[in-house]
Amino acid sequence: MSYSQIEELKSRIVEIQQKIDRAARNGGRSGKDVTLIAVSKTVDISQAQAAFDLGIHDFGENRTQELKSKQQAIPQANWHMIGRLQTNKVKDIVGKAVLIHSLDSWHLAQEINKRAQNLNIEMPVLLQVNISGETQKAGVDPADVRGFLDSVGELTALRVKGFMTMASLSSAGEESRPVFAELAALRDKFKEKSFSQVELKYLSMGMSQDYEVAVEEGANMVRIGSAIFT
Ligand SMILES: *Cc1c(COP(=O)(O)O)cnc(C)c1O
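Residues numbered from 1 in each chain as written. Predicted model: local features only at pLDDT ≥ 70, side-chain atom pairs only at ≥ 80, totals over all residues. Heavy atoms only, no water.

1. Focus on the side chain of glutamate 61
No. 1: Secondary-structure assignment places glutamate 61 in strand E2 (residues 58–61).
No. 2: Within the structure, glutamate 61 has its side chain in polar contact with the side chain of lysine 70 (distance 2.8 Å).
No. 3: When neighbours within four sequence positions are excluded, glutamate 61 is seen to be in contact with Ser40, Lys41, Glu66, Leu67, Lys70, Trp79, His80, Met81, Ile82 and Gly83. (Helix = DSSP H or I, 4+ residues; strand = E, 2+ residues; numbered from the N terminus. Polar contact = N/O pair within 3.5 Å; in protein donor to acceptor, adjacent residues only side chain to side chain. Contact = heavy atoms within 4.5 Å.)

This is the structure we're talking about:
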């Protein structure tokens, strides 16, 4: 990347961090509590490396092969799997991704557990919840969340660390607020209950179009692609 491209990348990152700070303060928190995950799915390793050098340490990918090769190139970064995960690709991700945001079925949970057991590791995951109710979207139905959390203890290598959601594709900014508020309410509802291997610490919500609203509503992980890399 050229010097001016790096300067532009830097100013976009700084601006986003300022907006996250402001939104966190609006919600009575600090921007330090929010992890900015740079979604690098559209860029090559040199651009991800440039972002890393500017202080971004968390990256999101939605395809297993991309995650694997970028993780190999920049192993010091934390690589998050944010896209739909097919069961036959689980072996490529477990042990590579620090967190899988897109756990959306019991079958997938079983496969992740099996692989993690084979590697003798614990695998942190977020349960993806389909709040917006769009049928083409992945995620478990909010009504099924309790049953899922009740049963997670059977899958001994799995650790549920919170929830993830995607707002409707067509919505931006304020339109996403009810979806984010609902996921935060779901987290609050289950937070104090004790389910084994469940600690509802993270809310992964908000993308380029609506991350400020998400942070105001309690997101502590935002997944931002186009606003960083354009
Ligand atoms: C691509 C993607 C993002 C980032 O979207 P932008 O609009 O580019 O910020 C976030 N989350 C998921 C699951 C994605 O696939």
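2. Let's talk about the site of the ligand
No. 1: Inspection of the region around the ligand gives Val39, Lys41, Asn62, Ile82, Met166, Met207, Ser208, Arg223, Ile224, Gly225 and Ser226 as its neighbouring residues.
No. 2: At a separation of 2.8 Å, an oxygen atom of the ligand approaches a polar side-chain atom of lysine 41.
No. 3: The side chain of arginine 223 places a nitrogen or oxygen atom 2.9 Å from a nitrogen atom of the ligand.
No. 4: For the ligand, the protein covers 86% of the area, taking 390 Å² as the surface of the free molecule.
No. 5: Split by residue class, the shell around the ligand holds five nonpolar, four polar and two charged. (Near = heavy atom within 4 Å. Areas by Shrake-Rupley, 256 points an atom, 1.4 Å probe, with all protein chains shown as cover. Nonpolar A, V, L, I, M, F, W, Y, C, P; charged D, E, K, R; others polar.)

3. A closer look at the pairing of strand E3 (residues 78–81)
No. 1: Sheet analysis places E2 next to E3, joined by four bridges and oriented parallel. The partner of glutamate 61 across the bridge, within E3, is methionine 81.
No. 2: Handedness of the crossover is the feature at issue here: the chain leaves E2, passes through helix H3 (residues 64–73), returns alongside E3, and the resulting connection is right-handed.
No. 3: In this structure, E3 lies alongside strand E4 (residues 99–103), joined through two bridges in parallel fashion. Its bridge partner lying in E4, methionine 81 is registered against isoleucine 100. (Pairing = 2+ DSSP bridges. Right-handed = clockwise from strand over helix to strand, strands pointing away.)

4. Regarding the pattern of salt bridges
Should the charged atoms of two oppositely charged side chains come close, the side chains can pair.
No. 1: Inspection of the entire model under this criterion finds 12 salt bridges.
No. 2: As a salt-bridge pair, glutamate 66 and lysine 70 come within 2.8 Å of each other at their nearest N and O atoms. Of this pair, glutamate 66 and lysine 70 both sit in helix H3, four residues apart, roughly one helical turn.
No. 3: Glutamate 66 gets classed as partly exposed once you look at its relative accessible area, which sits at 30%.
No. 4: For the salt bridge of arginine 177 with glutamate 216, the shortest nitrogen-to-oxygen distance reads 2.8 Å. Of this pair, arginine 177 sits in helix H7 (residues 177–191) while glutamate 216 sits in helix H8 (residues 211–216), and the two are 39 residues apart along the sequence.
No. 5: Taking the relative accessible area as the measure of exposure, arginine 177 reaches 21% and is therefore partly exposed. (Salt bridge = Lys/Arg side-chain N within 4 Å of Asp/Glu carboxyl O. Buried < 20%, exposed > 50% of the residue type's maximum accessible area, 1.4 Å probe, protein only.)

5. So, the side chain of aspartate 58
No. 1: Inspection of the secondary structure puts aspartate 58 in strand E2.
No. 2: An unpaired buried charge is present at aspartate 58: no salt bridge exists, and lysine 201, the closest side chain of opposite charge, is 12 Å distant.
No. 3: Of the polar contacts made by the side chain of aspartate 58, one reaches the side chain of asparagine 78; its length is 3.2 Å.
No. 4: For aspartate 58, the contacting residues outside a window of four places in its chain are Thr35, Leu36, Ile37, Ala38, Asn78 and His80. (Lys, Arg positive; Asp, Glu negative; His and termini not counted.)

6. A word on helix H2 (residues 45–53)
Along an α-helix, residues three or four positions apart point the same way, because every turn accommodates 3.6 residues.
No. 1: Looking only at H2, the buried set comprises Ala48, Ala50, Ala51 and Phe52.
No. 2: Tucked inside the fold, the buried residues of H2 contact helix H1 (3–26), E2 and helix H9 (226–229).
No. 3: Downstream of H2 by one or two residues, glycine 55 has phi in the positive range, about 110°.

7. Structural notes on unusual backbone geometry
No. 1: Phi angles above zero are rare outside glycine, and asparagine 120 is one such case at about 60°.
No. 2: For asparagine 120, the location among the structural elements is in the loop between helix H5 (106–119) and strand E5 (123–128).
No. 3: Accessibility expressed as a relative area gives 71% for asparagine 120, which makes it exposed.
No. 4: Phi at glutamine 197 is positive, roughly 65°, even though this residue is not glycine.

8. Some points on the packing of aromatic side chains
No. 1: Overall, the coordinates contain three aromatic pairs when judged by the stated rule.
No. 2: Centroid distance phenylalanine 59 to tryptophan 79: 5.0 Å. Interplanar angle 25°. Geometry classified as stacked. Highlighted residues: phenylalanine 59 in strand E2 and tryptophan 79 in strand E3, separated in sequence by 20 residues. Residues phenylalanine 59 and tryptophan 79 agree in their burial class; the two are buried. (Phe/Tyr/Trp six-rings, centres within 6.5 Å; stacked < 30°, edge-to-face > 60°.)

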